[in-house]
Amino acid sequence: MYSATEKALIVSIWEKVTPHTEQWGGEALERLFTVFPQTKIYFKHVDTSPGSAAIRTHGDKVMKAIGSTAGDLDNMSTTLSSLSNLHAYNLMVDPVNFKLLSHCILVVLANHLPSEFTPEAHLAFDKFLASVASVLSHKYR
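The following refers to the structure shown. No experiment lies behind these values; they were computed from the predicted model shown.

## A few points about the side chain of S131
Stage number 1. Here S131 lies in helix α7 (residues 119–137).
Stage number 2. Given the relative accessible area of 9%, S131 is considered buried.
Stage number 3. Looking at S131, its side chain comes within polar contact range of the side chain of Y2, at 2.8 Å.
Stage number 4. Sequence-distant contacts of S131, that is, excluding residues within four places in its chain, are made with M1, Y2 and M76.

Encoded structure:
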């Protein structure tokens with residue numbers, strides 16, 4: 001599914017993301033809520049204003065979940081199975097939102113890692129996040 005070069009790029013980028021999961025995850029969610037305000041419907045119970053602690057905390061959880069798959073690309077389905085169940089059966093999140101969030105994450109990474117986020121890295125990471133979104137959407141089928 002991933003070439004050796006793609007795997008190396010994904011791992012390399014993720015190593016740079018790891019120390020910033022809360023900040024960058026929060027930024028990705030803020031961007032999601034700003035650009036796609038309809039996504040706020042799943043967060044009625046939390047403060048979705050920019051910079052809120054709840055958004056930073058959830059952003060951290062999202063990024064750490066993504067990070068858990070970056071280190072084990074060949075077992076993504078197993079790694080994300082419980083999250084897929086949660087989002088499909090309990091939270092009933094429209095799966096299109098995974099793709100929207102993936103786009104927002106790419107923008108945040110490009111902003112924070114301008115020299116490392118080369119076209120090749122962007123392509124590999126886009127493929128990776130599309131796979132994450134697909135796995136999370138699997139239970140909807």
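## Observations regarding the nonpolar core
Stage number 1. Formed by 40 residues in total, the largest nonpolar core has its most connected members in L109, F125 and F128.
Stage number 2. Of all the secondary-structure elements, those providing two or more residues to this core are α1 (4–17), α2 (21–35), α3 (53–70), α6 (96–112) and α7.
Stage number 3. Counting residues per element, this core draws most heavily on α7, at nine residues.
Stage number 4. Among all residues touching L109, those that are not within four sequence positions of it are I13, V17, W24, F117 and F125.

## A few points about the environment of E116
Stage number 1. By the element assignment, E116 lies in the loop between α6 and α7.
Stage number 2. Residues E116 and K16 lie 100 residues apart in sequence; the distance between their C-alpha atoms is 9.2 Å.
Stage number 3. The residues touching E116, leaving out its near neighbours within four places in the chain, are I13, K16 and A121.

## Focus on the pattern of salt bridges
Stage number 1. One pass over the full model with this rule turns up four salt bridges.
Stage number 2. Measuring nitrogen to oxygen at the nearest pair gives 3.0 Å for the salt bridge that ties K127 to E6. Of this pair, K127 sits in helix α7 while E6 sits in helix α1; the two residues are 121 residues apart in sequence, bridging distant segments of the chain.
Stage number 3. For K127, a relative accessible area of 31% translates into the label partly exposed.
Stage number 4. Of the charged contacts in the structure, one is a salt bridge between E22 and R56, with a shortest N-O distance of 3.3 Å.

## Regarding the side chain of T69
Stage number 1. Within the secondary structure layout, T69 lies in helix α3.
Stage number 2. On the basis of relative accessible area, T69 is assigned to the buried category, the value being 0%.

## Regarding the packing of aromatic side chains
Stage number 1. For the coordinates displayed, the defined rule picks out four aromatic pairs.
Stage number 2. For the ring pair W14 and F125, a centre distance of 6.1 Å and an interplane angle of 10 degrees mean the geometry is stacked. Pair noted here: W14 is in helix α1 and F125 is in helix α7, with a separation of 111 residues, a long-range link. By the burial criterion, W14 is buried, and F125 matches it.
Stage number 3. Within the aromatic cluster, the residues linked to one another by ring pairs are W14, F117, F125 and F128.

## A short note on the packing of α2 against α3
Stage number 1. With their axes 7 Å apart at the nearest point, α2 and α3 run at an angle of 105 degrees to one another. It follows that α2 is roughly perpendicular to α3 by the angle criterion. From α2, T21, E22, W24, G25, G26, L29, E30 and F33 reach across to α3, where they touch I55, R56, H58, G59, D60, M63 and K64.
Stage number 2. Looking at the contact of α2 with α3 residue by residue, the class counts come to five nonpolar, five polar and five charged.

Cut-off values and rules
- Residues numbered from 1 in each chain as written.
- Predicted model: local features only at pLDDT ≥ 70, side-chain atom pairs only at ≥ 80, totals over all residues.
- Heavy atoms only, no water.
- Helix = DSSP H or I, 4+ residues; strand = E, 2+ residues; numbered from the N terminus.
- Buried < 20%, exposed > 50% of the residue type's maximum accessible area, 1.4 Å probe, protein only.
- Polar contact = N/O pair within 3.5 Å; in protein donor to acceptor, adjacent residues only side chain to side chain.
- Contact = heavy atoms within 4.5 Å.
- Core = buried A, V, L, I, M, F, W, Y, C linked by side-chain atoms within 4.5 Å.
- Salt bridge = Lys/Arg side-chain N within 4 Å of Asp/Glu carboxyl O.
- Phe/Tyr/Trp six-rings, centres within 6.5 Å; stacked < 30°, edge-to-face > 60°.
- Axes fitted to C-alpha atoms, helices over the stretch in contact; angles between N-to-C directions.
- Parallel < 35°, antiparallel > 145°, perpendicular 65-115°, else oblique.
- Nonpolar A, V, L, I, M, F, W, Y, C, P; charged D, E, K, R; others polar.

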